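# Observations on the three-dimensional arrangement
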Amino acid sequence: MTDDNCIFCKIANGVIPSTTLYEDEQFRVILDLGPASRGHALILPKQHFADVCDLDGEIAAKVLPLGAKIGAAMKKSLECSGFNLVQNNGESAGQTVFHFHMHIIPRYENGPSIVSWTPGTASPEELAQIAEKIKSSL
Ligand code: AMP
Ligand code: ZN
């Protein structure tokens, strides 16, 4: 199913043109218009899913292998030394387009520091308490 008001539905299904790297029956992979690094790409399912929690199991199972395939091609063709697979869920997590997508961000030696955080601290008691809370909702 697609959503008429969703820009990524339109891009994924070819209604709005994009710079496409890969396409099959279920996915389109495009270059991001506001790239974090040279070659930054997005995996878009052709069906509309708001985020990873909404994602169909069959589609979900294909996203990581596709990310690996595109990332490996980036390492060969762009001479990046690595890549990040990044996927945001919810506004507080940085999601701005509410159609599931996976970022593939090529990383270069001496490239900008992105997708990083400063490690915090947590006591073993805090970790145990947090784990219990999450486990109770699984
Ligand atoms: P997120 O913040 O995870 O929701 O990522 C949305 C991404 O989509 C951002 O990196 C944007 O630069 C990118 N983006 C938004 N609109 C377009 C578009 N029309 N074509 C390509 N990339 C887009
Ligand atoms: Zn959509």
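If you look the chain up in an unreviewed UniProt entry, it shows as HIT family protein from Enterocloster hominis.

## What to know about the overall build of the chain
What the chain contains, in helices and strands, is 3 helices and 5 strands. Walking the chain from its N terminus toward its C terminus, one meets helices and strands in the order α-β-β-β-α-β-β-α. Counting the 138 residues in the chain, one finds 30% classified as buried. Of all intrachain contacts in the chain linking residues separated by at least 6 positions in sequence, the fraction that spans at least 24 positions is 51%. Total accessible area computed for the chain in this model is approximately 8900 Å², and 56% of it derives from carbon and sulfur atoms. One finds the centroid of the 11 positive side-chain charges in the chain at a distance of 8 Å from the centroid of its 16 negative side-chain charges.

## Focus: the site of ligand 1
In the neighbourhood of ligand 1, 16 residues make up the surrounding shell, with Asp32, Gly94, Thr96, His101 and His103 lying closest. In this structure, Asn88 approaches ligand 1 through a side-chain N or O atom, which is 2.9 Å from an oxygen atom. Within the backbone of Thr96, an N or O atom sits 2.7 Å from an oxygen atom of ligand 1. Those elements giving two or more residues to the shell around ligand 1 turn out to be helix H1 (7-12) and strand S2 (27-31). Of the residues forming the shell around ligand 1, the biggest block, 3 residues, is contributed by H1.

## Re helix H2 (residues 57-77)
Note: α-helices contain 3.6 residues per turn, so residues at a spacing of three or four share the same orientation. Compared with an ideal rise of 1.5 Å per residue, which puts 21 residues at 30 Å, H2 spans 31 Å between its outermost C-alpha atoms and is within 8% of the ideal. Within H2, the full set of buried residues consists of Ile59, Val63, Leu66, Gly67, Ile70, Gly71 and Met74. Buried residues in H2 make contact with strand S1 (20-23), S2, strand S3 (41-45), strand S4 (82-86) and strand S5 (102-107). Remark: Glu79 follows H2 within two positions and exhibits a positive phi of approximately 60 degrees.

## Focus: the side chain of Gln95
Residue position: Gln95 is located in the loop between S4 and S5. Within the local environment of Gln95, its side chain forms a polar contact with the backbone oxygen of Val97, the two atoms lying 3.1 Å apart. Once residues within four sequence positions are removed from consideration, Gln95 is found in contact with Ala50, Asp51, Asn88, Asn89 and Gly90.

## Some words on the pattern of salt bridges
Inspection of the entire model under this criterion finds 4 salt bridges. Note that Lys46 and Glu23 form a salt bridge whose closest N and O atoms lie 2.7 Å from each other. On the criterion of sequence distance, the pair formed by Lys46 in the loop between S3 and H2 and Glu23 in strand S1 is long-range, its members being 23 residues apart. Among the residues examined, Lys46 registers a relative accessible area of 14% and is labelled buried. By relative accessible area, which is 44% here, Glu23 ends up partly exposed. A salt bridge links Lys135 to Glu132, with the shortest nitrogen-to-oxygen separation between them at 3.3 Å. With Lys135 and Glu132 both in helix H3 (residues 124-135) and 3 residues apart, the pair spans about one turn of that helix. Residue Glu132 is classed as partly exposed on the basis of its relative accessible area of 48%.

Rules used throughout
- Residues numbered from 1 in each chain as written.
- Chains lettered and ligands numbered in written order.
- Predicted model: local features only at pLDDT ≥ 70, side-chain atom pairs only at ≥ 80, totals over all residues.
- Heavy atoms only, no water.
- Helix = DSSP H or I, 4+ residues; strand = E, 2+ residues; numbered from the N terminus.
- Buried < 20%, exposed > 50% of the residue type's maximum accessible area, 1.4 Å probe, protein only.
- Contact = heavy atoms within 4.5 Å.
- Areas by Shrake-Rupley, 256 points an atom, 1.4 Å probe, with all protein chains shown as cover.
- Lys, Arg positive; Asp, Glu negative; His and termini not counted.
- Charge placed at Lys NZ, Arg CZ, Asp CG, Glu CD.
- Near = heavy atom within 4 Å.
- Polar contact = N/O pair within 3.5 Å; in protein donor to acceptor, adjacent residues only side chain to side chain.
- Expected span 1.5 Å × (residues − 1).
- Salt bridge = Lys/Arg side-chain N within 4 Å of Asp/Glu carboxyl O.

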